[in-house]
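This is what each chain is made of:
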Amino acid sequence: MTAPARGRRLDPDARREEIVAGALRLFAEHPYAAVSTTDLAREAGVARGLINHYFGTKRALYLEVVRRLTTIPEVAVSELPPGTVEERAGAAVDWFLDAVDRHRGLWLAVGTGAAGDIDVDAILAEADEIAADRVLAALAPDAPDDPYRARVRSFFGLVRSASREWLVRGTLDRAGTRALLVDVLLTVLHRDSQV
């Protein structure tokens, strides 16, 4: 991936986003310990001091990248196509699988819940709550908060396991992973299912 040209004047928010995007690319390809602040700065096309200016530490930047990877953005929900719940669930799962496929190295390191890092675990717990809100708003806006929230959060455990089966073990291909996740998500949201 080619780094942005050095010296371009960007507003602080755009520069911060450029640094995060570069860090996401690097952490998706390399473990945390193998990436230096020099590598991060080079990938983003900025001076090393800007990493510290915007994020304080490499660790803080890493945690921001983890947050971005594991948190479903509002735009992912607002841009779901109109259609049946089944079509919208399929589109949501496709969005997720595309994101995981693009950033598979980082997803496998942290997104599957196997990081064993207290800060990453806290980010994953927060991301699950946000994801539950967004899934329910997009696919079951009239569902009562409980027990559907608990069911959706439980579904995320399957999401993590299914992505390991697809990306690590190879026991599922992408199509099989998609079919499994869509079917189970629809079952989780079905109002007549046992609660």
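These numbers were taken from a predicted model, which means no experiment stands behind them. Numbering of residues begins from 1 in every chain and follows the order in which that chain's sequence is written. Reporting in this predicted model follows two pLDDT cut-offs: at least 70 for local features of residues, and 80 or more for side-chain atom pairs to be given and counted; totals over whole chains, interfaces and linings ignore these cut-offs and use all residues. In computing side-chain values, all of the structure's heavy atoms are included and hydrogens and water are not.

K.L.:
Even after reading the chapter, I still don't get the UniProt feature "domain: HTH tetR-type" (unreviewed entry) in the protein chain, so can you show me in this structure?
P.N.:
Mapped onto this numbering, the UniProt entry annotates "domain: HTH tetR-type" (unreviewed entry) at residues 13-73. The span residues 13-73 is 75% helix and 0% strand, and its two end C-alpha atoms sit 17 Å from each other. UniProt positions are given in the numbering used here, feature names are shortened, and annotations may be inferred rather than shown by experiment. Under the DSSP-based scheme used, a helix requires at least four consecutive residues in state H or I and a strand at least two consecutive residues in state E, with every element numbered from the N terminus.

K.L.:
Hey, could you run me through empty space enclosed by the protein in this one?
P.N.:
Once rolled over the atoms, a probe with the size of a water molecule shows which space is left empty. In this analysis, the protein atoms alone were mapped onto a 1 Å grid. Cavities are point sets where a 1.4 Å probe fits without being able to get out; pockets are open sets with protein on both sides within 12 Å along at least five of seven lines; lining residues have an atom within 4 Å of a point. Grid points are joined across faces, edges and corners, and a volume is the space filled by probe spheres set on the points. Throughout the structure, instances matching the rule amount to 1 cavity of 30 Å³ or more. Its volume calculated, the largest cavity comes out at about 440 Å³. Along the wall of the largest cavity there are 29 residues; nearest its centre are Ile-72, Trp-95, Phe-96, Ala-131 and Phe-156. Mapped onto the lining of the largest cavity, the elements with two or more residues apiece are helix H4 (58-70), helix H5 (74-78), helix H6 (85-102), helix H7 (104-111), helix H8 (118-139), helix H9 (145-169) and helix H10 (174-189). Looking at which element gives the most residues to the lining of the largest cavity, the answer is H8, with 8 residues. Lys, Arg, Asp and Glu make up the charged group, whereas Ala, Val, Leu, Ile, Met, Phe, Trp, Tyr, Cys and Pro make up the nonpolar group; the residues left over, Gly among them, are polar. Here the lining of the largest cavity is composed, by residue class, of 23 nonpolar, 3 polar and 3 charged.

K.L.:
Would you mind showing me how to read the packing of H7 against H9 here?
P.N.:
Two packed helices can be described by the angle between their axes and the distance between those axes. In this analysis, axes come from line fits to C-alpha atoms, helices being fitted only over the stretch in contact, and the angle between any two N-to-C directions falls in the range 0 to 180 degrees. Axis separation between H7 and H9 bottoms out at 11 Å; the angle between their running directions is 135°. In terms of their interaxial angle, H7 and H9 are classed as oblique. For the crossing formed where H7 meets H9, the hand is left-handed. Counting all contacts with H7, which are made through Arg-104, Trp-107, Leu-108 and Gly-111, the residues of H9 involved are Arg-160, Ser-163, Trp-166, Leu-167 and Val-168. Class assignment of the residues belonging to the contact of H7 with H9 gives a composition of 5 nonpolar, 2 polar and 2 charged. Orientation categories follow fixed angle ranges, with anything under 35 degrees roughly parallel, anything over 145 roughly antiparallel, 65 to 115 roughly perpendicular, and all other angles oblique. Each crossing gets its hand from how the near helix is turned against the far one by less than a right angle, where anticlockwise is left-handed and clockwise is right-handed. Contacts are residue-level and defined by heavy atoms, with any inter-residue pair within 4.5 Å sufficient.

K.L.:
Help me understand the UniProt feature "DNA-binding region" (unreviewed entry) in the protein chain, please; the structure alone is not making it clear to me.
P.N.:
In the numbering adopted here, UniProt assigns the feature "DNA-binding region" (unreviewed entry) to residues 36-55. Measuring from the first to the last C-alpha atom of residues 36-55 gives 14 Å, for a span that is 80% helix and 0% strand.

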